[in-house]
Amino acid sequence: MTPALPRHVPIAASFRGGHPENIHYGSFAVVNAAGELLARTGDVDTPVFTRSALKPFQAMPLIARAAERLRLDDADIALLCASHNGEPMHTERAAALLARIGADESALACGVHEPYVFRFNGLTPPAGARYGALHHNCSGKHSGMLLLADALGAPLQGYLATDHPVQREIAHCVSHFSGVPEHALVRGIDGCSAPNIALPLRSLAHAFARLTPDTPDSRYGTAPQRIARAMSRHPDLVSGRGRNDLHLMQAGRGDWVSKVGADGVQALASFSRGIAIAAKCSDGQLAPLMVALVAALEQLGWLEDTDREALARLLPPPLKNAAGVEVGDMRAVLELKPGTCS
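Residues numbered from 1 in each chain as written. Predicted model: local features only at pLDDT ≥ 70, side-chain atom pairs only at ≥ 80, totals over all residues. Heavy atoms only, no water.

Draft legend 1. Structural context of the state of the cysteines. Scanning all chains against the criterion turns up 0 disulfides. Note on C192: no disulfide assigned, nearest cysteine sulfur contributed by C138 at a separation of 4.0 Å. Under the relative-accessibility criterion, C192 is labelled buried at 1%. (Disulfide = S-S within 2.5 Å. Buried < 20%, exposed > 50% of the residue type's maximum accessible area, 1.4 Å probe, protein only.)

So, in structure tokens, the structure goes:
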């Protein structure tokens, strides 16, 4: 039986000659730390895979349990939550984290891919360059899982199995912050081979909003604040040159914590407001997601002129043809409505 498909709505469109050409569908949820749905568009109730937006909660059990013993600083914590570029600042820190438990790159089960720094900055990789698991954008997350295994006294081998103590701890954490009962969590496997969880956007936004209060969490103490502040202070480690999370957190000037997820997922929370946004672009494309997100921030009244200038780099340039003639553009078409609307 095919699961119910999300009931997404148009959030962005490309226009040619002023007429819509390609329509991008998606959904947005805006939720406060108390779990109240403040605004929405599209489907906020059907689970969507969180992908790398889940990383703060995958790191949470480690931070709550062993951050002090392992002497993890803010930069370390930011890398644990990263979808990084594979730049030296990322790979070297991941290697140093593994060394704290006597492990090395060979323990990582994330696989290998070309560093993102090339793809997101229009660069050509050096001829003959070779890469390892440390260059994988999720090597920080996987290093954290291995550190958690060590802290739990569990084997490092098999740390990605759903019944491994590491993954059971992460499932407990996701359930706690999202409010979704653990037995109801929808599970799959991420691109890095780690278990991933699908959540309703309202639940993902609620989880991110719960990163913002100054008061300790009943189960994880000050870990939520430590993680969110570390990410906000070190956006270059969370992402890297040319990446949307870097630009978003820089635009927030210390008030925003942001985490992208593959295939069109984005979560962003404001410390001062205690409010978070979770969004999904149904076709998985980043450009329309960013166009719609900036429009959502405008509609929520979060942007000032300096923010708009900083966020302009997230928006795609006008569409030009092979002769260099400007023929169209991409625009947001979403309209946030009060959360009580059906």
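Draft legend 2. Layout of the packing of aromatic side chains. Within the structure shown, the criterion is met by 6 aromatic pairs. Each ring, one from Y116 and one from F120, has its centre 5.6 Å from the other, and the planes form 65°; the classification is edge-to-face. Since its relative accessible area comes to 24%, F120 is described here as partly exposed. Centroid distance W256 to W302: 6.2 Å. Interplanar angle 40°. Geometry classified as tilted. Residue W256 is located in strand 7 (residues 256-261), and its partner W302 is located in the loop between helix 11 (286-300) and helix 12 (305-311); the two are separated by 46 residues in the primary sequence. We classify W302 as buried; its relative accessible area is 6%. Ring pairs connect the aromatic residues F57, F177, F208 and Y220, which therefore count as one cluster. (Phe/Tyr/Trp six-rings, centres within 6.5 Å; stacked < 30°, edge-to-face > 60°. Helix = DSSP H or I, 4+ residues; strand = E, 2+ residues; numbered from the N terminus.)

Draft legend 3. Geometry of the nonpolar core. Judged by nonpolar contacts, the single largest core of 75 residues is most densely connected at F57, M60 and L72. The biggest single contributor to this core is helix 1 (residues 55-70), with 8 residues. If you look at the next biggest cluster of nonpolar residues, it comprises 27 residues, including F28, W256, L314 and L334. (Core = buried A, V, L, I, M, F, W, Y, C linked by side-chain atoms within 4.5 Å.)

Draft legend 4. Summary view of the environment of G284. Mapped onto the fold, G284 is located in the loop between strand 9 (275-281) and helix 11. For G284, a relative accessible area of 22% translates into the label partly exposed. Note: C-alpha distance between G284 and A262 (22 residues apart in sequence) is 7.3 Å.

Draft legend 5. How the structure looks around the side chain of S14. Along the chain, the position of S14 falls in strand 1 (residues 9-16). On the accessibility criterion, S14 (12% relative accessible area) is buried.

The quantities given are spatial measurements derived from coordinates; they are silent on function.
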